[in-house]
Amino acid sequence: QVQLVESGGGSVQPGGSLRLSCAAPGISLGGYAIGWFRQAPGKEREGLACITADSDIYYADSMKGRFTMSSDHVKGTVTLQMNDLKPEDTAVYYCAADRNYADYCFIVTYYYWGQGTQVTVSS
């Protein structure tokens with residue numbers, strides 16, 4: 001079965017950076033779409049970035065320039081580098097996966113989800 005484990009969250013001051021990792025042991029990343037999402041209290045879950053099974057990466061417009069997604073098929077991990085963090089970035093961040101070959105990963109309904117990692121941005 002597929003399991004996803006996020007790590008790298010924590011507390012940071014505005015303008016700081018964090019690098020989140022999502023470990024996906026037991027799967028071949030080349031066969032899955034992978035997405036990064038976040039959800040703040042009282043708000044809808046928000047898609048941030050995703051990568052297709054063909055390794056095409058897409059970003060939500062609001063994330064461009066601050067967040068960067070990457071993958072390492074050898075290690076079986078995907079990452080989200082977050083720079084210039086703002087208080088409104090405070091949320092639980094999740095990675096998700098789906099065995100899906102869609103060309104555009106934001107249309108994917110993800111089946112497998114990690115438990116999330118908390119990111120808190122405050123002064």
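Up top is the structure these notes are about.
Description of the structure in this document. All residue numbers refer to position in the chain's written sequence, counted from 1. Under the rules for a predicted model, residues below a pLDDT of 70 receive no local features and side-chain atom pairs below 80 are neither given nor counted, while totals for whole chains, interfaces and linings still include all residues. Side-chain descriptors were evaluated using all non-hydrogen atoms of the structure, hydrogens and water having been removed beforehand.

Using a grid of 1 Å spacing that covers the protein atoms alone, one calls a set of points a cavity when a 1.4 Å probe fits there but cannot get out, and a pocket when the set is open and has protein on both sides within 12 Å along at least five of seven lines; lining residues are those with an atom within 4 Å of a point. Grid points are joined across faces, edges and corners, and a volume is the space filled by probe spheres set on the points. Taken as a whole, this structure holds one cavity of 30 Å³ or more when the rule is applied. By volume, the largest cavity amounts to about 40 Å³. Lining the largest cavity, in full, are L29, Y32, I34, I51, T52, A53, S55, S71, H73 and V78. Taken together, the residues of the lining of the largest cavity break down into six nonpolar, four polar and no charged. When residue character is reported, Ala, Val, Leu, Ile, Met, Phe, Trp, Tyr, Cys and Pro are called nonpolar, Asp, Glu, Lys and Arg charged, and the others, Gly included, polar.

Any two aromatic rings considered together are summarised by their centre-to-centre distance and by the angle between their planes. For this analysis, a ring pair means two rings from Phe, Tyr or Trp (six-membered ring only for Trp) whose centres lie within 6.5 Å, classed as stacked if their planes differ by under 30 degrees, edge-to-face if by over 60, and tilted for the remaining angles. Applying the stated criterion across every chain, the model contains six aromatic pairs. With centroids separated by 6.3 Å and ring planes inclined at 80°, the aromatic side chains of Y94 and W113 adopt a geometry described as edge-to-face. Taken together, the residues Y94 in strand β9 (residues 91-98) and W113 in strand β10 (residues 112-113) connect sequence positions 19 residues apart. Both rings, one in Y111 and one in Y112, keep their centres 4.7 Å apart while their planes meet at 80°; by these two values the pair is edge-to-face. Each helix is a run of H or I in the DSSP string that is no shorter than four residues. Each strand is a run of E no shorter than two, and both are numbered from the N terminus.

When DSSP finds two or more bridges between two strands, those strands count as paired. Inspection of the sheet shows strand β4 (residues 33-39) paired to strand β5 (residues 46-51) by five bridges, in the antiparallel sense. Bridge pairing in β5 links F37 to G47. Between β4 and β5, which follow one another and run antiparallel, lie six residues, and G42 among them has a positive phi close to 75°. For β5 and strand β6 (residues 57-59), the ladder comprises three bridges, and the chain directions are antiparallel. Counted as the bridge partner of A49 is Y59 from β6. Once β5 ends, the chain turns through five residues before running back antiparallel as β6, passing S55 with a positive phi of about 70°.

Note that every value here comes from positions in space, so none of it alone points to a role or purpose.
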